[in-house]
Amino acid sequence: MRVSDLARQANTTTETVRHYTDIGLLQPQRDPGNGYRQYDREDLRLLSFAIKARSLGFTLTDIQSLAQASRQGETPCGNVRSLIETRLQEVEERIQELQALSGRMRAAMAQWQGAPDCHLEDGRVCGLIDAFSDDEATRPEGSPA
């Protein structure tokens, strides 16, 4: 099947198929008559696997490593369990970082409420950001101001 056929069957885009081919995850054969890439059922299975793995937070590097192990006859499921623990920890850390960012953004919005817009003559870009103090955003909830 061609790129568009594979993409349609995997419910993805042709750009995704081409990208996965460019990075070597998919390894189609070339049609000797016209040079077009020809994908088969194995490519469809691998593409579907990659899409599911991406939806679970696995990186393309992870997916390539798992696919390579599978190509070599290994069962990478033990590695999958280990990798998902790592990816989950990274996601939870990122959530904490985003929650802290959200707190800083809310504190900035509160500080800037009603502050005037003004042109600065001293070379600063924006006085609002320069004057921002994130003490409120970093103070634990319930602690006095």
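Anything mentioned here points back to the structure above.
What counts, and where the lines are drawn
Residues numbered from 1 in each chain as written. Predicted model: local features only at pLDDT ≥ 70, side-chain atom pairs only at ≥ 80, totals over all residues. Heavy atoms only, no water. Helix = DSSP H or I, 4+ residues; strand = E, 2+ residues; numbered from the N terminus. Buried < 20%, exposed > 50% of the residue type's maximum accessible area, 1.4 Å probe, protein only. Contact = heavy atoms within 4.5 Å. Lys, Arg positive; Asp, Glu negative; His and termini not counted. Charge placed at Lys NZ, Arg CZ, Asp CG, Glu CD. Core = buried A, V, L, I, M, F, W, Y, C linked by side-chain atoms within 4.5 Å. Arc of directions from axis to C-beta. Salt bridge = Lys/Arg side-chain N within 4 Å of Asp/Glu carboxyl O.

S.K.: Got a minute to help me understand the overall build of the protein in this structure?
M.R.: What the protein contains, in helices and strands, is seven helices and two strands. When the helices and strands of the protein are placed in sequence order, the string is α-α-β-β-α-α-α-α-α. Each principal axis of the C-alpha atoms in the protein carries an extent, and together these give about 70 × 40 × 25 Å. Across the 145 residues of the protein, 21% fall into the buried class. A sequence separation of at least 24 residues applies to 47% of the contacts in the protein between residues at least 6 apart. Computing the positive centroid from 17 side-chain charges and the negative centroid from 22, the protein places the two 10 Å apart.

S.K.: Would you take a moment to explain the nonpolar core for this structure?
M.R.: Nonpolar side chains tend toward joint burial in soluble globular proteins. One finds Leu6, Val17, Leu25, Leu26 and Leu47 to be the most contacted residues of the largest nonpolar core, which totals 19 residues. When residues of this core are traced back to their parent elements, those giving at least two are α1 (3–10), α2 (14–22), α3 (41–55) and α4 (60–71). Among the elements that line this core, the one with the most residues is α3, at five residues.

S.K.: Whenever I open this one, α2 confuses me. Can you help?
M.R.: Since the α-helix advances by 3.6 residues per turn, residues separated by three or four positions end up pointing in the same direction. Listed in full, the buried residues belonging to α2 are Val17, Tyr20 and Thr21. One side of α2 holds all its buried residues, which, seen down the axis, span an arc of 105°. The outward face of α2, more than 90 degrees from its buried face, is lined by the exposed residues Glu15 and Asp22. Close packing links the buried residues of α2 with α1, β2 (37–38), α3 and α4. With its phi angle positive at about 90°, Gly24 sits one or two positions after the end of α2.

S.K.: I would appreciate a short explanation of the environment of Ala131 in the present structure.
M.R.: Among the secondary structure elements, Ala131 is positioned in helix α6 (residues 127–131). In sequence terms Ala131 and Gln111 are 20 residues apart; their C-alpha atoms lie 9.2 Å from each other.

S.K.: Quick question: what am I supposed to make of the pattern of salt bridges here?
M.R.: By the definition in use, this model includes six salt bridges. Taking the shortest distance from any N to any O, the salt bridge between Asp5 and Arg8 comes out at 2.7 Å. You can see Asp5 and its partner Arg8 sitting in helix α1, three residues apart, about one turn around the helix. The partly exposed category is assigned to Asp5, whose relative accessible area is 26%. On the basis of relative accessibility, which here comes to 59%, the residue Arg8 falls in the exposed class. The residue Asp62 makes a salt bridge to Arg87 at a minimum N-O spacing of 2.7 Å. Placement of the pair is Asp62 in helix α4 and Arg87 in helix α5 (residues 77–112), with a sequence separation of 25 residues. One network of salt bridges, with partners in common, ties together Asp62, Arg87 and Glu90.

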